[in-house]
Amino acid sequence: MVSMEKLADVIENLPLVDHHVHGALATAVDRATFEVMITESSVPAPSGTTHFDSQVGFSIRRWCAPLLDLAPHASAEEYLARRDELGNDEVNRRLLAAANVDRYVIETGYQGDATLGLEPMAAASGRPVHEVVRLEAVAEAVARDGVGAAEFAETVRERLAAHAETAVGFKSIVAYRHGFDVDPARPADAEVLLAADRWLREVSASGVARIADPVLLRFLLWQAVDLGKPLQLHVGYGDADLNLHRSNPLLLTEWLRQVEGRLDVLLLHCYPFHREAGYLAQVFPHVYFDVGLALNYVGSRSIAVVAESLELAPFAKQLYSSDAWGPAELHYLGAVNWRRAMTRILGQWVDDGEWSFDDAVRVATMIGSTNARRVYGLPE
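Residues numbered from 1 in each chain as written. Predicted model: local features only at pLDDT ≥ 70, side-chain atom pairs only at ≥ 80, totals over all residues. Heavy atoms only, no water.

## Here we look at the overall build of the protein
For the record, the criterion: For the purposes of this entry, the term helix denotes a DSSP run of H or I that reaches at least four residues, the term strand denotes a run of E that reaches at least two, and both are numbered from the N terminus. Our radius of gyration looks at C-alpha atoms and nothing else; its globule reference is 2.2 Å times the residue count to the power 0.38. Per-residue accessibility, obtained with a 1.4 Å probe over protein chains only, is compared with the maximum for each type, and a residue is labelled buried under 20%, exposed over 50%, and partly exposed between these values. Pairs of residues are marked as contacts when any of their non-hydrogen atoms sit within 4.5 Å. Areas reported here follow the Shrake-Rupley algorithm with a probe of radius 1.4 Å; residue values treat only the protein chains shown as occluding. Charged-residue counts in this description rest on Lys and Arg as positive and Asp and Glu as negative, His and the chain ends being excluded. Think of each charge as sitting on NZ of Lys, CZ of Arg, CG of Asp or CD of Glu.
Along the backbone of the protein there are 17 helices and 7 strands. In terms of C-alpha radius of gyration, the protein reaches 21 Å, essentially the compact-globule figure of 21 Å for 380 residues. A principal-axis box enclosing the C-alpha atoms of the protein has dimensions of 65 × 45 × 35 Å. Among the 380 residues that make up the protein, the fraction classed as buried is 54%. In the protein, the proportion of contacts linking residues at least 24 apart, taken out of those at least 6 apart, comes to 76%. Working note: accessible area of the protein is about 15400 Å², and carbon and sulfur atoms make up 51% of it. The average position of the 34 basic charges and that of the 52 acidic charges among the side chains of the protein differ by 1 Å.

## A few points about empty space enclosed by the protein
Basically, it comes down to this: Lining residues are defined by having an atom within 4 Å of a point belonging to a cavity or pocket. Those points lie on a 1 Å grid over the protein atoms alone, cavities being sets where a 1.4 Å probe fits but cannot get out and pockets being open sets with protein on both sides within 12 Å along at least five of seven lines. Grid points are joined across faces, edges and corners, and a volume is the space filled by probe spheres set on the points.
Counted according to the given criterion, the structure contains 1 cavity of 30 Å³ or more. Within this model, the largest cavity holds a volume of roughly 100 Å³. Around the largest cavity sit 15 residues that line it, and Val291, Ser309, Gln318, Leu319 and Trp338 are the ones nearest its centre. Elements that contribute at least two residues to the lining of the largest cavity include exactly helix H14 (292-298), helix H15 (302-309) and helix H16 (328-351).

## Considerations on the side chain of Arg177
Keep this limit in mind: Polar contacts, as used here, are pairs of N or O atoms within 3.5 Å; protein pairs need one atom able to donate a hydrogen and one able to accept it. Residues neighboring in sequence count only if both atoms are side-chain atoms.
Inspection of the secondary structure puts Arg177 in helix H9 (residues 174-177). A polar atom in the side chain of Arg177 sits 2.9 Å from the backbone oxygen of Ile211.

See below:
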């Protein structure tokens, strides 16, 4: 077990690149709001129950409590009282520092008002940040600006090109808004015009800009292809408005064939389709994946999920992410659960004589940092 102990020390001190993450909480919240933020459900727990009675809730009480000067496994009531006593800014400072993340690749397109933006997140963490731009958010901003159907496509192209000057990549939530079972072909200009006219009329009538038309979603994907920046795609487990069966990445196979050689595609989260994502990462040179979001929510079972992600895919095609949004507990726990899983899995392989210690360190470093730096062009 000497190898396990040595490897634990190396992995514990490995500065990570969190390649898909959102900002930490901008202000303090009450218990009800906090509990909804530690689940992918959008509603409170049923009466008489609590979202703390979950893997993520137990992880918070075990791993985050000591960082707030509490004993491990402190009660939820003790934990939240101490959190309020310290204040949100101090909680952010402690937990983000403890995560030992070297830099964050932040997607700002989801409920950004509730979380820290790029500069505030850099200040709170003391680490560099880089931006990933959500395609759908750009199109929705164009719609809110009152652009007509005839100008819609070109305006979106211009704004995405402007974002590409500073952003390290783009992201799409087509899995949420429609599903991966879309026509993989690039839509014709006439199709885009008709779809934009239809959608913009709906926006004008309802006052709500939420893009879900499959033609327009395909249009956005292909604009990202044309720009050639890394493209993140939400895959699998997520909020309640997702139709999970339509977010299986195998449904993307034909589209992936068509865009090969034009950009790198990063499949995010992937649970419970992480084995399917691993297959795609093996057979397509431009496909990468992570198991980020799942790590927090499966808690002590993260060892099993990470082990399954290491079964098939090349190690150069896997990345670390937390997909944390809101409570800084999630930014910290993503790192904790990944480090514990990698130590236990790789350490066992070293102790069994299947891997060398040096190879275990090299692979942990690749997945934790090096692969993301290569794909996004980040500095060492």
